[in-house]
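Fold and geometry: a report
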Amino acid sequence: MAGTGEASVQVVVKVGALLDRLATGGEATASELSDQLGEPRSTVYRLLATLQQLEMVEPGVNRGTYRLGLAHLRLGAAVAAGFDERAAALPVLERLHTETGETVFLCVRRGNEAVCIERLDGERVQSLALRLGGSLPLHVGAAPKALLAFESREQWEDYVAAGELEAFTPATPVASAALFADLTEIRNRGYAVSDEDVTVGIAALGAPIFDHRGTVCAALSISGVRSAILGDDSLKESIVCGAAEVSRTLGYTGGSNNG
């Protein structure tokens, strides 16, 4: 019985790895999945056949490929609907999206990462680093830095101590002194600026959302081509006011977002 249980766990791990690969890398052939996961092709085919029956995997656009199925769309919608922050922020996200035509995001913190729980694609830039359900470390990007900046200094130090900070571009703050200076400035002015620190040519603005306890619980951001985002000062006010509106909806009664 113990052996059966252990084998079942191993199957779950393999399924998880396969689905994660399709989620992060897009559609792939069984051969590609076999190579990338280090599993025999026969095992991958068996897993794919079972997952297809459950609608968790379906044939991809290209012949012989597979991609995530409709079951994940239903699961994703159910997970997203469970976030109070998303329900409160969606009207603001939709308004910002309509007014600006840029990509807007809503992120929450999970460990040392910011996870995107809502994204509305812009008209000009479709391919950005942070996809729906994807994540970025807290030291890069407008929303991630907004989440970290309004935590305590002790949490900043814990984050840096957790491991080496990854450099996405030459503009990524990877030294603790540079990151702490950036976070301090974010607290002082009430919003974060991502100036090509995730993707060259792309900029973003982000602002924190607070819950009824006054704790930062999410962050709102707007992203696009650098000249469009940083060349329009009205976007800064829009993102700060939008985040403050969501905070009030969640019961926050404090003052401005500068701590």
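Right above here is the structure, for reference.
In this report, we go over the structure that sits alongside the text. On a predicted model such as this, the values are computed, not experimentally measured, just so you know.

Things to note about the nonpolar core
In this structure, Cys 107, Leu 147 and Leu 183 are the most contacted members of the largest nonpolar core, which totals 29 residues. Residue assignment for this core shows that the elements contributing at least two residues are β4 (103-110), β5 (113-120), α6 (142-149), α7 (153-161), α8 (176-189), β8 (202-210) and β9 (216-225). With sequence-adjacent residues up to four places away left out, Leu 147 is seen in contact with Cys 107, Val 108, Arg 109, Ala 114, Leu 138, Val 216, Cys 217, Ala 218 and Ala 219. Of all hydrophobic cores here, the second largest spans 27 residues; its members include Ile 117, Ala 203, Ile 229 and Ala 243.

What to know about the sheet that holds β5
Pairing is antiparallel in the open sheet, where 6 strands are placed in the order β6-β5-β4-β9-β8-β7. On the outer flanks of this sheet lie β6 (135-137) and β7 (192-195), each paired with one strand and no other. When strand polarity is set aside, the average angle formed by the axes of neighbouring strands in this sheet is 30°. Where β4 lies against β9, 5 bridges are found, and the strand directions are antiparallel. By the bridge assignment, Phe 105 is partnered in β9 with Ser 221. Across the sheet, helix α10 (residues 234-249) lies against β8 and β9, angled at about 25° from β8, the strand it touches most.

Some details on the packing of aromatic side chains
Under the counting rule described, the total for this entry stands at 3 aromatic pairs. Each ring, one from Phe 150 and one from Phe 210, has its centre 5.7 Å from the other, and the planes form 85°; the classification is edge-to-face. In this pair, Phe 150 sits in the loop between α6 and α7 while Phe 210 sits in strand β8, placing the two residues 60 residues apart along the sequence. The pair formed by Phe 150 and Phe 210 is uniform in burial state, with each residue classed as buried.

A word on the pattern of salt bridges
As enumerated under the stated definition, the model contains 14 salt bridges in all. Between Lys 145 and Asp 182 there is a salt bridge, and its shortest N-O distance comes to 2.9 Å. Here Asp 182 lies in helix α8 and Lys 145 lies in helix α6, a separation of 37 residues in the sequence. Shared partners join several salt bridges into a network, and the residues in it are Lys 145, Asp 182 and Asp 197.

Side note on the sheet that holds strand β1 (residues 28-29)
Across the sheet, which stays open at both edges, the 3 strands sit in the order β1-β3-β2 with antiparallel pairing between neighbours. Two strands close off the open sheet at either side, each with one partner strand: β1 and β2 (57-59). Of the pairings in the sheet, the one linking β2 to strand β3 (residues 65-68) comprises 3 bridges and is antiparallel in character. Along β3, the bridge assignment pairs Val 57 with Leu 68.

Some remarks on the packing of α6 against α8
Look at α6 against α8: their axes get within 9 Å of each other, and the N-to-C directions meet at 80°. When the axes of α6 and α8 are compared, the pair comes out roughly perpendicular. Between α6 and α8, the residues in contact are Lys 145, Leu 148 and Ala 149 and Asp 182, Leu 183, Ile 186 and Arg 187, respectively. Its residues assigned to classes, the contact of α6 with α8 shows 4 nonpolar, no polar and 3 charged.

Scoring rules and cut-offs
Residues numbered from 1 in each chain as written. Predicted model: local features only at pLDDT ≥ 70, side-chain atom pairs only at ≥ 80, totals over all residues. Heavy atoms only, no water. Core = buried A, V, L, I, M, F, W, Y, C linked by side-chain atoms within 4.5 Å. Buried < 20%, exposed > 50% of the residue type's maximum accessible area, 1.4 Å probe, protein only. Helix = DSSP H or I, 4+ residues; strand = E, 2+ residues; numbered from the N terminus. Contact = heavy atoms within 4.5 Å. Pairing = 2+ DSSP bridges. Axes fitted to C-alpha atoms, helices over the stretch in contact; angles between N-to-C directions. Phe/Tyr/Trp six-rings, centres within 6.5 Å; stacked < 30°, edge-to-face > 60°. Salt bridge = Lys/Arg side-chain N within 4 Å of Asp/Glu carboxyl O. Parallel < 35°, antiparallel > 145°, perpendicular 65-115°, else oblique. Nonpolar A, V, L, I, M, F, W, Y, C, P; charged D, E, K, R; others polar.

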